[in-house]
Amino acid sequence: MASVHESLYFNPMMTNGVVHANVFGIKEWVTPYKIAVLVLLNEMGRTGEGAISLVERRRLNLLLLPLLQGPDITLSKLYKLIEDSCPQLANSVQIRIKLMAEGELKDMEQFFDDLSDSFSGTEPEVHKTSVVGLFLRHMILAYSKLSFSQVYKLYTALQRYFQYGEKKTVEDADMELTSREEGERKMEKEELDVSVREEEVSCSGPLSQKQAEFFLSQQAALLKNDETKALTPAALQKELNNLLKFNPDFAEAHYLSYLNNLRVQDVFSSTHSLLHYFDRLILTGGESKSNGEEGYGRSLRYAALNLAALHCRFGHYQQAELALQEAIRIAQESNDHVCLQHCLSWLYVLGQKRADSYVLLEHSVKKAVHFGLPYLASLGIQSLVQQRAFAGKTANKLMDALKDSDLLHWKHSLSELIDISIAQKTAIWRLYGRSTMALQQAQMLLSMNSLESVNAGVQQNNTESFAVALCHLAELHAEQGCFAAASEVLKHLKERFPPNTQHAQLWMLCDQKIQFDRAMNDGKYHLADSLVTGITALNGIEGVYRKAVVLQAQNQMSEAHKLLQKLLTYCQKLKNTEMVISVLLSVAELYWRSSSPTIAMPVLLHALALSKEYRLQYLASETVLNLAFAQLILGIPEQALSLLHMAIEPILADGAILDKGRAMFLVAKCQVASAASYDPPKKAEALEAAIENLNEAKNYFAKVDCKERIRDVVYFQARLYHTLGKTQERNRCAMLFRQLHQELPSHGVPLINHL
């Protein structure tokens, strides 16, 4: 991040005991907190090597950097941090500060006079050019430039700082005497209350240059990699407003405010902050200092480009296109090929629904490689692969293209794009119906360690690619009937991506879909209907489709048909092939449940042709399953059975548990229907085989708790046992059927017409 504008430090001011040095170019000033840190450094130098163990000294050294760079904190919190590292030194620091605060002004004067001794001698305690040495010299210089009135105000501020710290320490000690459970609850409440008071007492003035840079860079990194560890949107905005109050021309603070407003989808405030950021860059000459007029133009064109990206994110495509045209015009005037490449990428994003958009994308990738922009080139390859996947290209060609992009990632250490690439592979394998490969890719992504060295315990595991992989993992487990595992994954998602974060919508939709499927399996259509509203809010197409599924299950055929026809027309217009095929299958089911299987056949053949054309293997297998069922209804079970042998292998290998159960149930139905013309011995053998398949189907349905289908299976088994003369088995199945029939509502649909 660029250095903070120096005008922040030129204004001498005194706010709540925070003394600002009235010296041009001084970028540090003395605060009560920094005096406490100076006491800690002095005590560390005075304490011999034998008094502090090597482990404690290492802990203290690790603690020093965040203390020097971070914002001011209360004395009680500082005591606690030192005590965690070295209890003995914490006691010495506490006594030293107490003597200084409860003594006289001359004690503080003497303390600063003694600090310069740290650099004296042949082997000084602190080197002048070290981090600690530079901090000490800055503090000594800032203190020596203060007037007497400023020194007096600093001392009174130190006394208030000490008194508040002592009061807080006493309160904490009293709390420890209460019961543990009550103590924990009070501590949580007290911490919430104190966080506000800490800002009022110790952070009400502006931060120094290093503190501001550290704060902004840390929060920006957290927003990118681990949003849950960043400040809440309200708290971060309050800190930024405090920074901007003392320096409205602080450009980087405006940009972080823009990122913060994006978290809460505030289009007005984010646009306002973004425009202010580029205004400040231009007004303060932050760009033009090194580049002259070129810097001015650079700010303008990148301002327009960022504005286009912002409008595109909020779905304002017309405004985004106008801003992008402005960015292209300025970039062409300045002959800025890098900016033009970014504009070309956004042109594809805005026009990706057009038929010729792939030409634009291929041109963008070639140009990005030519100008040495690996990040843009890789993103272009990823987008090209995604487009080709929706166009029905073979998986081996797509994986070869992703392999080429992975080479770019590893060569240039683009760890973020490595994660995106693996998440893309997971989605492609699921699109093609290969759940095992999708599961492998998702687990590979989750087991990867970040390549970036991120400070403050931040791991790059809260990005969108991880959210996508975890959602796929939850859905894959739910499809296999592992609802407890899916629930654990969703619980982890909710902890990692709280509802106010930008990627929370991914797990919200995933959670709603899993709940909907479970309600439908359990026959609780009223519960499924209540979930449709939430799904529609997150994904309109998915919500309308599931509303039609509920209407169909409730035997409201005409309403479901109207809804499906409207959705089919809309999805064909959008070229959403996957949803088109799903809608066609639902329409075909409507026809045969209305005793019109002959009308369903052309619809199913159209769905099969689309599945084959776009290489959607799993949807093709499901379509063949429906075709076989239609043939069974039409009275040609032998052809249905031969057709099933083509489709059942992919379903048993990669299908959901429910689809496996449906397939085995259909095989049993076809076997029974085919055995009608067999000789008695051969017929009995066929019926025994059908019963075995029914048992397997029942086990599959039991895994997903689909009681309605279990009822159909045991009814069919009871009929078969009756035909074979097995009275005991028949009675057992009949009793189970009766229990389920009384528990579940019956919609009057013939069992043979229900796949």
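Everything numeric here is computed off the predicted structure, so don't read it as measured data.

S.K.: Any chance you could break down the overall build of the chain for me, citing the residues and the numbers?
M.R.: When helices and strands are counted, the chain shows 35 helices and two strands. The buried share of the chain, taken over its 755 residues, is 49%. A total of about 36800 Å² of accessible surface is found on the chain, and carbon and sulfur atoms cover 54% of it.

S.K.: Can you lay out the packing of aromatic side chains for me, pointing to particular residues and giving the numbers?
M.R.: Throughout the structure, instances matching the rule amount to eight aromatic pairs. On the numbers, 4.8 Å between centres and 55° between planes, the contact of Tyr-255 with Tyr-277 is tilted. Highlighted residues: Tyr-255 in helix H11 (residues 251-263) and Tyr-277 in helix H12 (residues 267-284), separated in sequence by 22 residues. A relative accessible area of 16% means that Tyr-277 is categorised as buried. The interplanar angle of 45° and the centroid separation of 5.5 Å between the aromatic rings of Tyr-715 and Phe-737 together place this pair among those described as tilted. Placement of the pair is Tyr-715 in helix H34 (residues 707-724) and Phe-737 in helix H35 (residues 727-743), with a sequence separation of 22 residues. Residue classification places Phe-737 among the partly exposed positions, given a relative accessible area of 22%. An aromatic cluster is defined as three or more aromatic residues linked by ring pairs; in this entry it consists of Tyr-255, Tyr-258, Tyr-277 and Phe-278.

S.K.: Break down the pattern of salt bridges for me, with residues and values.
M.R.: Side-chain pairs of opposite charge can arise where the charged atoms are in close proximity. Scanning all chains against the criterion turns up 24 salt bridges. Notably, a salt bridge pairs Glu-475 with Arg-430, separated by 2.4 Å at the nearest N-O pair. Within this pair, whereas Glu-475 is found in helix H22 (residues 464-479), its partner Arg-430 is found in helix H20 (residues 415-431), the two being separated by 45 residues in sequence. Taking the relative accessible area as the measure of exposure, Arg-430 reaches 22% and is therefore partly exposed.

S.K.: Could you give an account of the nonpolar core, with specific residues and numbers?
M.R.: What tends to happen in soluble globular proteins is that the nonpolar side chains get buried as a cluster. Residues Ile-428, Tyr-432, Leu-493, Val-583, Leu-644, Leu-666 and Phe-701 are the most contacted members of the largest nonpolar core, which totals 101 residues. At eleven residues, helix H28 (residues 577-593) tops the list of elements feeding residues into this core. Here Val-583 is in contact with Tyr-545, Leu-564, Leu-567 and Leu-568, once residues within four sequence places are set aside. Listed in part, the 48 residues of the second largest apolar core include Ile-35, Val-39, Leu-78 and Ala-101.

S.K.: Can you lay out the environment of Glu-743 for me, pointing to particular residues and giving the numbers?
M.R.: Inspection of the secondary structure assignment puts Glu-743 in helix H35. Put simply, Glu-743 and Lys-707 are 36 residues apart on the chain and 9.3 Å apart in space, counted from C-alpha to C-alpha.

S.K.: Summarise unusual backbone geometry; cite the residues concerned and give the values.
M.R.: At Gln-265, a position not held by glycine, the phi torsion is positive, near 60°. By the secondary structure assignment, Gln-265 is in the loop between H11 and H12. Among the residues examined, Gln-265 registers a relative accessible area of 43% and is labelled partly exposed. The phi dihedral of Ser-595 falls on the positive side, at around 60°, and the residue is not glycine. Given the relative accessible area of 57%, Ser-595 is considered exposed.

S.K.: An account of the packing of helix H29 (residues 597-613) against helix H30 (residues 617-633) is requested, with residue identities and associated values reported.
M.R.: In the contact formed by H29 and H30, the axes pass within 9 Å of each other and the chain directions differ by 160°. Here H29 is positioned roughly antiparallel relative to H30, judged by the angle of their axes. Between H29 and H30 the crossing geometry is left-handed. Between H29, through Pro-597, Met-601, Leu-604, Leu-605, Ala-607, Leu-608 and Ser-611, and H30, the contact on the second element is made entirely by Leu-619, Ala-620, Thr-623, Val-624, Asn-626, Leu-627, Ala-630, Gln-631 and Ile-633. Along the lines of polarity and charge, the residues of the contact of H29 with H30 split into twelve nonpolar, four polar and no charged.

S.K.: Break down helix H18 (residues 374-390) for me, with residues and values.
M.R.: Taking 1.5 Å per residue as the helical rise, H18 with its 17 residues ought to reach 24 Å, and the 24 Å between its terminal C-alpha atoms agrees with that figure. Inspection of H18 places Leu-376, Ala-377, Ser-378, Gly-380, Ile-381, Gln-382, Leu-384, Val-385, Gln-387 and Ala-389 among the buried residues, and these make up the whole buried set. In the stretch just after H18, Gly-392 is the one whose phi turns positive, near 90°.

S.K.: Please provide a residue-by-residue account of the packing of helix H33 (residues 680-703) against H34, values included.
M.R.: Packing of H33 against H34 brings their axes to within 10 Å, and their N-to-C directions diverge by 160°. In terms of their interaxial angle, H33 and H34 are classed as roughly antiparallel. The crossing of H33 and H34 is left-handed. On the side of H33, the interface is formed by Ala-684, Leu-687, Glu-688, Ala-690, Ile-691, Leu-694, Asn-695, Lys-698, Phe-701 and Ala-702, while H34 contributes Arg-709, Ile-710, Val-713, Val-714, Phe-716, Gln-717, Leu-720, Tyr-721, Thr-723 and Leu-724. Classifying every residue of the contact of H33 with H34 by side-chain character gives 14 nonpolar, three polar and three charged.

S.K.: I'd like a description of helix H16 (residues 337-350), backed by residues and values.
M.R.: Here H16 is 14 residues long and its end C-alpha atoms lie 20 Å apart, about the 20 Å a rise of 1.5 Å per residue gives. Every buried residue of H16 is listed here: Cys-339, Gln-341, Cys-343, Leu-344, Ser-345 and Tyr-348. For H16, the N-terminal cap is Asp-336; the gap from its side-chain oxygen to the backbone nitrogen of Val-338 is 3.2 Å.

S.K.: A description of the confidence of the model for the chain should follow, citing residues and the corresponding values.
M.R.: Of all residues in the chain, 84% attain a pLDDT of 70 or more, and the chain-wide mean is 81. Least confident of the elements in the chain is strand S1 (residues 14-15), whose mean pLDDT is 36; most confident is helix H26 (residues 540-553), at 94. Note that pLDDT drops below 50 for residues 1-26; the model gives that stretch 69 contacts with residues more than four away or on any other chain. Overall, residues 450-458 carries pLDDT values under 50, and its contacts beyond four positions in sequence, including any with other chains, amount to 15 contacts.

S.K.: So what about the state of the cysteines? Which residues, and what values?
M.R.: A covalent bond between the sulfur atoms of two cysteines is what we call a disulfide. Throughout the structure, instances matching the rule amount to zero disulfides. Among the cysteines around Cys-510, which has no disulfide bond, Cys-471 carries the closest sulfur, lying 4.6 Å off.

S.K.: Quick rundown of the environment of Leu-605? Include the residues and the values.
M.R.: Turning to its location among the elements, Leu-605 is positioned in helix H29. Looking at Leu-605, the relative accessible area reads 47%, which means it is partly exposed.

S.K.: Would you mind going over the side chain of His-409 in detail, with residue names and values included?
M.R.: Looking at the element boundaries, His-409 is found in helix H19 (residues 395-412). For His-409, the side chain forms a polar contact with the side chain of Ser-378, separated by 2.2 Å. Ignoring any residue separated from it by four or fewer positions in sequence, one finds His-409 in contact with Ser-378, Gln-382, Leu-414, Leu-417, Ile-418 and Ser-421.

S.K.: Provide a residue-level description of the environment of Gln-639, including the pertinent values.
M.R.: Within the secondary structure, Gln-639 sits in helix H31 (residues 637-654). You can call Gln-639 partly exposed: its relative accessible area is 46%. Along the chain, Gln-639 and Ser-674 lie 35 residues apart, while their C-alpha atoms are 9.6 Å from each other.

Thresholds applied
Residues numbered from 1 in each chain as written. Predicted model: local features only at pLDDT ≥ 70, side-chain atom pairs only at ≥ 80, totals over all residues. Heavy atoms only, no water. Helix = DSSP H or I, 4+ residues; strand = E, 2+ residues; numbered from the N terminus. Buried < 20%, exposed > 50% of the residue type's maximum accessible area, 1.4 Å probe, protein only. Areas by Shrake-Rupley, 256 points an atom, 1.4 Å probe, with all protein chains shown as cover. Phe/Tyr/Trp six-rings, centres within 6.5 Å; stacked < 30°, edge-to-face > 60°. Salt bridge = Lys/Arg side-chain N within 4 Å of Asp/Glu carboxyl O. Core = buried A, V, L, I, M, F, W, Y, C linked by side-chain atoms within 4.5 Å. Contact = heavy atoms within 4.5 Å. Axes fitted to C-alpha atoms, helices over the stretch in contact; angles between N-to-C directions. Parallel < 35°, antiparallel > 145°, perpendicular 65-115°, else oblique. Left-handed = near helix turned anticlockwise from the far one by under 90°. Nonpolar A, V, L, I, M, F, W, Y, C, P; charged D, E, K, R; others polar. Expected span 1.5 Å × (residues − 1). Polar contact = N/O pair within 3.5 Å; in protein donor to acceptor, adjacent residues only side chain to side chain. pLDDT = per-residue confidence, 0-100. Disulfide = S-S within 2.5 Å.

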